[in-house]
Amino acid sequence: MAKSAKSSFQCTECGWTTLKWVGRCGECQAWGTVEEAGAPAPTAVAPTRVATAARPITEIDVETAHASPTGLDELDRVLGGGVVPGGVMLLAGEPGVGKSTLLLEVAALSADAGPVLYVTGEESTGQVRLRAERLGALSPKLYLAAETTVGAVASHVDAVAPGLLIVDSVQTMSAPEVSGVPGGVTQVREVAGALIRIAKERGIATVLVGHVTKDGSIAGPRLLEHLVDVVLQFEGDRHSRLRMLRAVKNRYGPTDEIGCFDLGEAGIIGLPDPSGLFLTRRNEPVPGTCVTVTLEGRRPLIAEVQALVAPTNLPQPRRATSGLDQARVNMVLAVLERRAGVRLANADVYLSTVGGVRLGEPSVDLALALAVAGSARDEALPRGLTALGEVGLAGEVRAVDGVERRLIEAQRLGFTRAIVPRHSEVPVEGIEVVGVDDVSEALGAALPARRRRSG
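Just so it is clear, the structure is predicted and the values come from calculations on it, not from any experiment. (Residues numbered from 1 in each chain as written. Predicted model: local features only at pLDDT ≥ 70, side-chain atom pairs only at ≥ 80, totals over all residues. Heavy atoms only, no water.)

Undergrad: Please give an account of the overall build of the protein that cites residues and values.
TA: Along the protein, the regular secondary structure elements total 11 helices and 21 strands. For the protein, the C-alpha atoms occupy an extent of roughly 85 × 60 × 50 Å along the three principal directions. Among the 455 residues that make up the protein, the fraction classed as buried is 48%. Only carbon and sulfur atoms are counted for the fraction: they give 52% of the accessible area of the protein, which is about 22600 Å². Across the protein, 47 positive and 53 negative side-chain charges occur, with their mean positions spaced 5 Å apart. (Helix = DSSP H or I, 4+ residues; strand = E, 2+ residues; numbered from the N terminus. Buried < 20%, exposed > 50% of the residue type's maximum accessible area, 1.4 Å probe, protein only. Areas by Shrake-Rupley, 256 points an atom, 1.4 Å probe, with all protein chains shown as cover. Lys, Arg positive; Asp, Glu negative; His and termini not counted. Charge placed at Lys NZ, Arg CZ, Asp CG, Glu CD.)

Undergrad: So, unusual backbone geometry: which residues are in play, and what are the values?
TA: Residue Ser-169 is bonded to the preceding Asp-168 through a cis peptide linkage, with omega at 5°. Within the secondary structure, Ser-169 sits in the loop between strand E7 (164–168) and helix H5 (185–202). Even without a glycine there, the phi angle at Asp-378 is positive, about 55°. Locating Asp-378 in the fold gives a position in the loop between helix H8 (365–377) and strand E17 (385–387). The class for Asp-378 is exposed, based on a relative accessible area of 61%. For His-423, which is not a glycine, the phi torsion comes out positive at approximately 70°. Along the chain, His-423 falls in the loop between strand E20 (417–421) and strand E21 (432–436).

Undergrad: Let's hear about the packing of helix H7 (residues 326–339) against H8: which residues, and what values?
TA: At a closest axis distance of 10 Å, the pairing of H7 and H8 adopts a crossing angle of 55°. Judged by the inter-axis angle, H7 sits oblique to H8. Note that H7 runs across H8; the crossing there is right-handed. Contacts between H7 and H8 involve Arg-328, Val-329, Met-331, Val-332, Leu-333 and Leu-336 from the former and Asp-365, Leu-368, Ala-369 and Val-372 from the latter. Residues that form the contact of H7 with H8 fall into these classes: 8 nonpolar, no polar and 2 charged. (Axes fitted to C-alpha atoms, helices over the stretch in contact; angles between N-to-C directions. Parallel < 35°, antiparallel > 145°, perpendicular 65-115°, else oblique. Left-handed = near helix turned anticlockwise from the far one by under 90°. Contact = heavy atoms within 4.5 Å. Nonpolar A, V, L, I, M, F, W, Y, C, P; charged D, E, K, R; others polar.)

Undergrad: Run through the nonpolar core, naming residues and quoting values.
TA: Residues Leu-336, Leu-351, Leu-370, Val-372 and Ile-419 are the most contacted members of the largest nonpolar core, which totals 49 residues. Broken down by element, this core gets its largest block of residues, 8 residues, from H8. If near-sequence neighbours (up to four positions away) are discounted, Val-372 is found in contact with Ala-307, Val-309, Leu-333, Leu-336, Leu-344, Val-349 and Leu-351. (Core = buried A, V, L, I, M, F, W, Y, C linked by side-chain atoms within 4.5 Å.)

Undergrad: Which residues make up the sheet that holds strand E4 (residues 88–93), and what are the values?
TA: The mixed open sheet is built from 9 strands, whose spatial order is E6-E5-E7-E8-E4-E9-E10-E11-E12. Pairing within the sheet leaves two strands with one partner each, and these edge strands are strand E6 (142–146) and strand E12 (267–270). Each strand of the sheet is rotated relative to its neighbour by a mean of 25°, with strand direction disregarded. Against the sheet, helix H3 (residues 125–135) engages strand E5 (116–120), E6 and E12, with an angle of about 145° to E6. (Pairing = 2+ DSSP bridges.)

Undergrad: How would you sum up the pattern of salt bridges? Please name residues and give values.
TA: Summed over all chains, the structure comprises 26 salt bridges. Here Glu-74 makes a salt bridge to Arg-77, at a shortest N to O gap of 3.8 Å. Taken together, the positions of Glu-74 and Arg-77, both in helix H1 (residues 73–79) and 3 residues apart, correspond to about one turn of that helix. Arg-77 sits in the partly exposed class, given a relative accessible area of 32%. In this structure, the salt-bridge partner of Glu-201 is Arg-202, at a minimum N-O distance of 3.9 Å. One salt-bridge network, held together by shared partners, links Glu-74, Arg-77, Glu-257, Arg-298 and Arg-299. (Salt bridge = Lys/Arg side-chain N within 4 Å of Asp/Glu carboxyl O.)

Undergrad: Give a detailed account of the packing of aromatic side chains, specifying residues and quantitative values.
TA: Inspection of every chain in the model, using the stated rule, returns 1 aromatic pair. Look at Phe-234 and Phe-261: their rings are 6.1 Å apart centre to centre, the planes differ by 75°, and that puts the pair in the edge-to-face class. Separated by 27 residues along the polypeptide, Phe-234 in strand E9 (residues 230–235) and Phe-261 in strand E11 (residues 258–264) bring together distant segments of the chain. (Phe/Tyr/Trp six-rings, centres within 6.5 Å; stacked < 30°, edge-to-face > 60°.)

Undergrad: Tell me about the side chain of Ser-139, residues and numbers included.
TA: Among the structural elements, Ser-139 can be located in the loop between H3 and E6. Looking at Ser-139, the relative accessible area reads 18%, which means it is buried. Ser-139 has contacts with Ala-108 and Ala-111, leaving out every residue within four places of it along the chain.

Undergrad: Please give an account of the environment of Ala-145 that cites residues and values.
TA: Within the secondary structure, Ala-145 is located in strand E6. C-alpha separation for the pair Ala-145 and Glu-123, spaced 22 residues apart in sequence, amounts to 9.8 Å.

Undergrad: So what's going on with the environment of Ala-146? Which residues, and what values?
TA: Here Ala-146 lies in strand E6. Judged by relative accessible area, Ala-146 falls into the partly exposed class, the value being 39%. Considered as a pair, Ala-146 and Thr-120 are 26 residues apart in the sequence and their alpha carbons are 4.9 Å apart. Look past the residues within four positions of Ala-146 in its chain and what remains in contact with it is Thr-120, Glu-123 and Thr-125.

Undergrad: Could you give me a rundown of helix H2 (residues 99–110), with the residues and numbers involved?
TA: For H2, which comprises 12 residues, the first-to-last C-alpha distance of 16 Å matches the rise-based estimate of 16 Å (1.5 Å per residue) to within 8%. Counting buried positions along H2 yields 11 of 12 residues, so the element is predominantly enclosed. Of all the residues in H2, the buried ones are Lys-99, Ser-100, Thr-101, Leu-102, Leu-103, Leu-104, Glu-105, Val-106, Ala-107, Ala-108 and Ser-110. (Expected span 1.5 Å × (residues − 1).)

As far as function goes, none of this settles anything; it's purely spatial.
Now the structure itself:
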């Protein structure tokens, strides 16, 4: 006798399946989300009629697959030139970060080249119209529809025949023939599959808005990110106007580009040169500040690190950071204490970045060390100095990528001296490049008073 089909178990959060019940999902690591999904029905694949015959790859026409600019230069930079007909993009971000504002701006600009369909499942068309008036994003070729079923979206697509379709958001859409609530694993999978089929069959560039979970990951099954062609992450601090767009996945272009935007009352504006946002303009140097050059994708950005070291009587001194990786900060403080003789055991240390930017790159370590040492000794770094390099546990300063690009950006903004790892001294006209081997040597090169005392 043939064995009966076994039941399978499925995670209600991400859709991961297993043959036996477990308390914790093996994919998303969530507890108590694995439930019995029933026995899979046996299926047999029979040959069917094909839509188009297979052809040699050399005979495929690529003219229809070229990217079309959206009109927003920073978005086109991230996408690798623009949107591709039939390409499906997933835009994710926290609530209130500006996803709908960005897409409404893109829809209005793209409407100059042809019809655009904006489908909202979270707002009424009147609400979207009011926001469009405030942003100046009105166009007679921009069509709005408030729908929550994927079948209605298909009907609107047939009626409008848009070149760009925007669905806000995929978690609010549902397929009535599929069980489950909107936003659930089954519904999101079915809705995304239907919208992708519509985009591919009709050659429509499509943007899906996705929600994120508490930890910042995209909500819904992981399969959703595999199905789409491009995954974009829209980031920003709600207390800052700066917004950054990153490509997590891109089948049509690079994934190491970022786009910078300024979100204000008048809408969202691209920032081709955002470096000035991360610097403090002052007349005289102040102890505890150091400027570095970080690479966001392939774009060099000037950023300032600020440190405040204050004596304390607490048995356990405070260590507070804003915009920096706490683990790397603790490591650099330990290296300063042990390898460079900077006494921090009886002091509170506060570290922050300027402009709300987050710096997680290892090249920030040296600037962080110089800022802390300057504050601890109440000595200001010379004007026009920048520092970049990774600090190791032995106190050595390690090489980082893209030194030449970083130095060119620093020289463009008026910096005249740079401290870099030894053997990374790339000659750049207009800026003095100083190579150092370890943190102690970097402190001697950066702090004039320290050099005088040692001499």
